[in-house]
Amino acid sequence: MTVTYTARVANARFCGFSKLLLAWKGSIYKVLYKEFLAFFAMYTAISITYRFGLYDYQKRYFEKLAIYCNHYASLIPMSFVLGFYVTLVVNRWWSQYTSIPLPDRLMCVLSGGLQGTDERGRLLRRTMMRYASLSALLILRSVSTAVFKRFPTMDHVVEAGFMSREERKKFEGLYSPYNKYWIPCVWFTNLAAVARCEGRIKDDHTLKLLLEELNAFRGKCSMLFHYDMISVPLVYTQVVTLAVYSFFLVCLIGRQFLDPSQGYPGHDLDLYVPIFTLLQFFFYAGWLKVAEQLINPFGEDDDDFETNWLIDRNFQVSMMAVDEMCGDLPMMERDRYWNDSNPRPPYTAATLFVLRKPSFQGSTFDMAIPKEEMHFQPLENIAENQEESGGHHPNMALFNRLLNVAPSPSGFMGGALRRTSAQLQRLRRSPSIDLCTSDDESGKIGKGGSLPSGLGQDTQSTVCSFREEKSARTLLLEVQFGAEQQERRGGGYPAANEKKGVRASEGMSAEEWRRREERGRGESTWGETHAPASLLPPPPQSSKQTSTQSASSVSFPSCHPSAFLFHPPAHSSLEHCSSQPAINQSRAAVPAIPKPPSGRNKMSFLTVPSYDEPQRFRSVSMGSELTGS
C-alpha cells in the first residue's frame, strides 16, 4: 500500500517534516540500512588495518594513497549525473500512474447511452462493462508482479468471474504471438454495434461517444504495455550506479583519518568515525535508492502502486454504475434555496474566519489612478502627439551622435551620411510631399537643411539639399536649371546678370510671371530633347568663389502633378540631388501653376508637367544613371 502522509503535512508548522522522520514504512532507513551498515563495516575494517596491521613504511605508502584518492574523488560528477537521473525517473513514475485505465468515464457514457431496464438491456450493459474490466486486468497482469501473483493463470481469471468458460475458449482460439489484452475491447465494440441495431443506442452520436471513450480506455492499456516494454536506457542506469559505487569505494580509502604526527594538510585531527562521509553516503546512496524504487512502480515495494486495490475498486464501481444505478433516480424536489437569489451555505464555528475575508475582485481592483489622468483625450490630439514624438526617435538620436564623432565631413562619405540623417529626420517630421518650406523654415533647419520630400511614399519626387552659407570647400555638384542652361551654352556664367535678373524678378507682375513660365516650359522641352552628354560643370577655380545660379524650372515626371515652391538663399550651393524613376501616366489636363506670393525674394519653381517623356537622370550621390520612362 502506498504510504500516505498528506494529512500530516496539510498545514505548515514549526519542524513540520520532523514528525515524518520517525516513520519506518516506506522510509529511507528501511530501504538503505543494509547498504549503510556494509559501507561502515568496510570503512572500519580498513581503518583498523591501517592503525594496527601495517608497518611504518606500509603506513607511509597507504597515507600517500589516501591523499591521492581524496584529491581525485571530486572529479566524479555525482550531483550532475544522479540529479538528472532521478528527475527522469520521477517524471516517468507519475506518467505511468496517469496511464492506468480507469472505467469512470466509460461507465457513465454506457449507463446513459444504452437504454433498456429489461433483462436484455441489463445483460448488454454488464457484459460490455465486464469486457472493459477484463482488458484492464489482462494488461495489469502483464506488467505488475502483484497482480500476476493474484491471477497466475487464465483459470484464476475465469474463477474470479472476469471471463466465462465459453469466452476463454474463444480467447484461446484466437492465435496471436502478441499480447491479447485488446481482444475484450473488440468484443465491446461488437456488442455496441448490436445494441445500435436493436435501437437501444438511440443515435449515431451516442454510439460515437461510447466508442471514443472505449478507445481512450484501450489507449491507456496500450501505454502501460509500452512503459513496461521500453525502460530507461540501460547505459544511463549503469553510468549512475557506477558513479555512486565507485565514488564511495574511493572514499573508503581517501576519507581515512591519517596520523597527525606526519603533518599532512587537512589531517590535524584524528577521529575514528567519519561523520560527514557517512552523511554523504546516506544522501547520495539514498538518492539512488529513490530512483531504484520508483523506476518500476508496479512491484511490491511500500510506495508502489496498489494495482490489486485498483482492480477491486474499478470492477465494483463500474458494475454498480451500469446495473443498479441505471434508471434508478431519487425523487426530485425543491432545494432549500428555491426562493433565495443569493444562496449561501452555512459555516461551522471552525470556518467562520472565511466570512471575514473580502471576496477577491482582481489584482487591479484597488488600483488608484490620479483624476487628471482619467479624462478621455480626443483622437486628434493623440495623433498629433504621436507625430511629434515620432520625430525624436531614440534610434535617430543615437545615429546623430555617432555622426558627430565621425571623421571630418569634408570627405564624400561623411557629407553623404550627414545628409542622409537630415533627410530621415525631415521625413519623420513632415511625411507629406505637398508641403513647402519658406526662408524662415529653411533657416530653422540649419546647416545642411533641405526641403521636405516624398521619399518613402508612393509618389515620385526630387530631393534637393542646399547649404545656406558660403562654403570654402569644393562643391560636389553644380546643376543649372531651366533657362540658365541655355545661357551656359551661349557662353559663360555672368554673375552680375544673374543678380540683376533676381532683382528684376522682384517687381514682375502676374502677367510677366505667366509669360516667363511659358517661355521656361518651352526651353525645358527643348533641353529634354537636346540633352547634353554630361550635367557636371567644371569645378570652380577658387574656393572663395560661390555659385549664385538660380533654378528657374525643371520638369520631372511624377504620379501627382504638383508644383514645389523653393526659397533658396542668395548664396546657396546645391550639394545633393537625387531622383526616383517616374511612372508613366497620361494626364488630360495640366493644373495651373500657383502664383508666387508677393513680398518674397529669390524664388524658384520646380514644375511638374503632365506629359511623359523618357528622360535620363544622373544620381549624384551614387553616380548611377536612371532612365525615367
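Residues numbered from 1 in each chain as written. Predicted model: local features only at pLDDT ≥ 70, side-chain atom pairs only at ≥ 80, totals over all residues. Heavy atoms only, no water.

Thoughts on the overall build of the protein
In plain terms, the rule: By the criteria applied, helices consist of DSSP H or I runs no shorter than four residues and strands consist of E runs no shorter than two, each listed in order from the N terminus. Classification of residues uses two cut-offs on accessible area relative to the type maximum, computed with a 1.4 Å probe and protein chains only: under 20% is buried, over 50% is exposed, and between them is partly exposed. By the convention used here, residues are in contact when the closest approach between their heavy atoms is within 4.5 Å. The Shrake-Rupley method, run with a 1.4 Å probe, gives the accessible areas here. Residue values count only the displayed protein chains as cover.
In terms of regular secondary structure, the protein is built from 20 helices and 6 strands. Each of the 629 residues in the protein was classed as buried or not, and the buried ones make up 34%. Here the analysis covers contacts within the protein between residues at least 6 apart in sequence; of these, 74% occur between residues at least 24 apart. Carbon together with sulfur atoms contributes 59% to the accessible area of the protein, which is approximately 40000 Å² in total.

As for a nonpolar patch on the surface
We apply this condition: Surface patches are defined over residues having more than 30% relative accessible area and no salt bridge, joining like charges when they lie within 9 Å and nonpolar side chains (Val, Leu, Ile, Met, Phe, Trp, Tyr) when within 5 Å. Criterion for a salt bridge: a side-chain nitrogen of Lys or Arg within 4 Å of a carboxyl oxygen of Asp or Glu.
The grouping of Leu21, Leu22, Trp24, Tyr29, Tyr33 and Leu37 at the surface amounts to a nonpolar patch, some 680 Å² of accessible area in total. Judged by its relative accessible area of 77%, Leu22 falls in the exposed class.

Concerning the nonpolar core
Applicable threshold: In this description, a nonpolar core means a group of buried Ala, Val, Leu, Ile, Met, Phe, Trp, Tyr and Cys residues linked to one another through side-chain atoms lying within 4.5 Å.
With 48 residues, the main nonpolar core has Leu110, Met128, Leu140, Val157 and Leu210 as its most contacted residues. Within the residue set of this core, elements represented by two or more residues are α4 (104-113), α5 (119-143), α7 (154-159), α9 (183-198), α10 (204-229) and α13 (307-322). For this core, the element with the most residues is α5, which contributes 12 residues. Sequence-distant contacts of Leu110, defined by excluding residues within four places in its chain, comprise Arg125, Met128, Met129, Phe188, Leu210 and Val322.

Quick notes on the packing of helix α1 (residues 28-52) against helix α11 (residues 234-254)
Note the following rule: Interaxial angle, 0 to 180 degrees, is taken between N-to-C directions of lines fitted to C-alpha atoms, where a helix line uses only the stretch in contact. In what follows, roughly perpendicular refers to angles from 65 to 115 degrees, roughly parallel to angles under 35, roughly antiparallel to angles over 145, and oblique to any angle outside these ranges. Two helices that cross are described as forming a left-handed crossing if the nearer one is turned anticlockwise from the farther one by less than a right angle, and a right-handed crossing if clockwise. Under this grouping Gly is polar, as are all residues other than the nonpolar Ala, Val, Leu, Ile, Met, Phe, Trp, Tyr, Cys and Pro and the charged Asp, Glu, Lys and Arg.
The N-to-C vectors of α1 and α11 enclose an angle of 30 degrees; their axes lie 9 Å apart at closest approach. As judged from the angle between their axes, α1 and α11 are roughly parallel. Crossing handedness for the pair α1 and α11: right-handed. Facing Phe39, Met42, Tyr43 and Ile46 of α1, the residues of α11 in contact are Phe248, Cys251 and Leu252. Partitioned by chemical class, the residues of the contact of α1 with α11 number 7 nonpolar, no polar and no charged.

Structural notes on helix α2 (residues 56-72)
Put simply, the rule is: Here a helix's expected span is defined as the number of its residues, less one, multiplied by 1.5 Å. Comment: arc refers to directions from the helix axis out to C-beta atoms.
Between its terminal C-alpha atoms α2 stretches 25 Å, which fits the 24 Å expected from 17 residues at 1.5 Å a residue. If you check which residues of α2 are buried, you get Lys59, Phe62, Glu63, Ala66 and Cys69. Around the axis of α2, the buried residues are gathered within 130 degrees of arc, so they sit on the same side. α2 presents Tyr57, Tyr61, Lys64, Tyr68 and His71 as exposed residues on the side facing more than 90 degrees away from its buried surface.

Some points on the packing of aromatic side chains
Which entries qualify depends on this criterion: Only Phe, Tyr and Trp rings take part, Trp by its six-membered ring, and two of them pair if their centres are within 6.5 Å. Stacked means planes under 30 degrees apart, edge-to-face means over 60, and tilted covers everything else.
Counted by the stated rule, this structure contains 25 aromatic pairs. Residues Tyr68 and Tyr72 carry aromatic rings whose centres are separated by 4.8 Å and whose planes lie at 50 degrees to one another, so their mutual orientation is tilted. Highlighted residues: Tyr68 and Tyr72, both in helix α2, separated by 4 residues, approximately one helical turn. Members of the aromatic cluster, joined through ring pairs, are Tyr29, Phe36, Phe39, Phe247, Phe248, Phe281, Phe282, Phe283 and Tyr284.

Here's the deal with the packing of α2 against α11
Where α2 contacts α11, the axes come no closer than 8 Å and their chain directions differ by 140 degrees. Between α2 and α11, the angle is such that the two are oblique. In the packing of α2 onto α11, the handedness of the crossing is left-handed. On α11, the residues that touch Phe62, Leu65, Ala66, Cys69 and Asn70 of α2 are Val250, Ile253 and Gly254. Of the residues in the contact of α2 with α11, the class split is 6 nonpolar, 2 polar and no charged.

So, to be careful, I would describe these as geometric facts and stop short of saying anything about function.
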